[in-house]
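The primary structure of each chain is shown beneath.
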Amino acid sequence: MPKEDPKIVELQKMREISYLGGGEDRIAKQKEKGKLTARERIGALLDKGSFQELNGMMLNRHTDFGLDKGKISGDGMIAGFGKINGRKVCVYAQDFTVMGGSFGEVAGQKVARLMDLAMDAGVPVIAINDGGGARIQEGVFSLFAFGEVFYRNVLASGVIPQICIIMGPCAGGAVYSPALTDFVVMTQGISNMFITGPEVIKAVTHEVVDAETLGGATTHSSISGVAHLVGQTEAETFAIVKKILEYIPDNNASTPTPIATNDSPFRADKALDSLVPSNPNQTYNILDAINRVVDKDSFFEIHARYATNAVVGFARLNGESIGIAANQPASMAGVLDINASDKIARFVRFCDAFNIPLVTFVDTPGFMPGSVTEHNGIIRHGAKIIFAFSEASVPKISVVTRKAYGGAYIVMGSKHLHADLAFAWPTAEIAVMGAEGAVNILYGRDLKQKPPEEAQKMRGELVEEYKTKFSNPYRAAAAGYVDEVILPSETRQRLISALEVLRNKQSLAPAKKHGNIPL
Ligand code: HXC
């Protein structure tokens, strides 16, 4: 057998050492915490054997605080590209076994280069975070490193999809790169995100809080809204990321790939015709409507635990990817509050940026009233939905299923914000407000002057009159604000045909640098 070239042997040896990261002891510690190593994670996410590492030999150049000793090839950041179900992606992962995955100058340079590559190639970028934030020993160089990545996150926003997986600590400045990406996916039990940890909080404000309550997956997916999705395990988290990719294109110049479906475009689900209860005070679940309309099992909810009074997610209609934004009458009657406004606006903007048509299901009594919401800026937040829908140039189709009152009617993808097509079910109530509220305002003084029994009778009659006149879709249809009142069971065919006709929609917006969304 010919003797192997020592230069080949040397490179192989270097690679072997590099693959061990912080060494076997630290890998064992990582396993004790129930976590895969950074390399194993990349292996689990990407198609087998597809990972192409880049800059694996970069070394830390610093000397303070012992950094001159025990340098590790790659410096705790593994970066490269590969494929997910055949789709090209760039990916990087923090290696917790190397100085706690802390982010220094080299990590910053590697990620910045990779993001430049992803932008040039027009492919999504996926980050796997598991680290202690800015590498403290490197001082301002680690801050520079984060800054360069933040800048590129912003530059890449709306050009290539960015997905961030949190699989360990994500503290300090490290949280802002995920926050700038399109989707944050956390793994239950092993991930935390916070700008300052429990110890600092205790020292500064005397508040005692544990890391999980402060910034665990449950907190961020249901209270803060920072995380869009949660996997119960690392494997489930990777499956979620792969699923997101199925619905979205590689970049803003391409469109999502359709997936062949056996679900007939003409399928008419009769159950939809009786889904909305005749009693306006009774509720129903908008997910029932969505799931019965879209391709079987195609609805993929995003932000499911956050602002449950709104529903957003991807789905398919006749195999084509769409984005759905809906009110959820089964949660807080589908009222639009601050969090629901942010959730809807952000999702609409993602879909618009990446050429994903939008379908809106409307059933909302309006914006949340009260001093708390006013003081927290419902005006500013609600305006984001108007901005997002108006700005969106992708095909936009709305379906009013029941209540579409007042400003909430306008903002939820109405014709007035240039929805291409607006449909309404016969159960739709398109009016300035609900009948009871309208009667109180219009006849409140008269009613107060009547004896209680007479007032009650008169109120009942007035409410009925208002309902007959306004609590239906026909006034809006007569005015052309609704393009067609449709049978609920027809919704699927109608939407599919509408999307077909709108496939090559051209929409020209006035030239400008950018708008000023009310943040
Ligand atoms: C350098 C770090 C580090 C960091 C952890 N390590 N964080 N080294 N810089 N930021 C090292 C530890 O010293 C330790 O080294 C090894 O990583 C593992 O850390 P442990 O603490 O032993 O692990 P664990 O108990 O699991 O705790 C992990 C942790 C904790 C929760 C991440 O290490 C921690 O709280 N780190 C600091 C987090 C933080 O405050 N970061 C903010 C930095 S400032 P040895 O050799 O002992 O094993 C920042 C501002 C940037 O990010 C602003 C930009 C805009």
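For the structure, see preceding data.
Definitions and limits used
- Residues numbered from 1 in each chain as written.
- Predicted model: local features only at pLDDT ≥ 70, side-chain atom pairs only at ≥ 80, totals over all residues.
- Heavy atoms only, no water.
- Salt bridge = Lys/Arg side-chain N within 4 Å of Asp/Glu carboxyl O.
- Buried < 20%, exposed > 50% of the residue type's maximum accessible area, 1.4 Å probe, protein only.
- Helix = DSSP H or I, 4+ residues; strand = E, 2+ residues; numbered from the N terminus.
- Lys, Arg positive; Asp, Glu negative; His and termini not counted.
- Polar contact = N/O pair within 3.5 Å; in protein donor to acceptor, adjacent residues only side chain to side chain.
- Contact = heavy atoms within 4.5 Å.
- Disulfide = S-S within 2.5 Å.

K.L.:
Can you tell me about the pattern of salt bridges, naming the residues and giving the values?
P.N.:
Counted under the stated rule, the structure contains 25 salt bridges. Of the charged contacts in the structure, one is a salt bridge between Lys69 and Asp68, with a shortest N-O distance of 3.8 Å. Since its relative accessible area comes to 61%, Lys69 is described here as exposed. The partly exposed category is assigned to Asp68, whose relative accessible area is 40%. When the shortest N-O distance is used, the salt bridge between Glu391 and Arg349 registers 3.1 Å. Separated by 42 residues along the polypeptide, Glu391 in helix α14 (residues 378-391) and Arg349 in helix α12 (residues 338-353) bring together distant segments of the chain. Looking at Arg349, the relative accessible area reads 34%, which means it is partly exposed. A single network of salt bridges, built from pairs that share partners, joins Lys35, Arg41, Asp130 and Glu234.

K.L.:
Give me the lowdown on the side chain of Asp352, citing residues and values where you can.
P.N.:
For Asp352, the position within the fold is in helix α12. Notably, Asp352 is buried but unbridged: the nearest opposite-charge side chain belongs to Arg349, and the N-O separation is 7.0 Å. For Asp352, the side chain forms a polar contact with the main-chain nitrogen of Ser393, separated by 2.7 Å. Contacts of Asp352, omitting those with residues within four sequence positions, involve Glu391, Ala392, Ser393 and Val394.

K.L.:
Tell me about the state of the cysteines, residues and numbers included.
P.N.:
By definition, a disulfide links the sulfur atoms of two cysteine residues through a covalent bond. With the rule as written, the count across this model stands at zero disulfides. Cys351 takes part in no disulfide bond, and the closest cysteine sulfur, belonging to Cys164, lies 20 Å away. Overall, the relative accessible area of 0% leaves Cys351 in the buried class.

The quantities given are spatial measurements derived from coordinates; they are silent on function.
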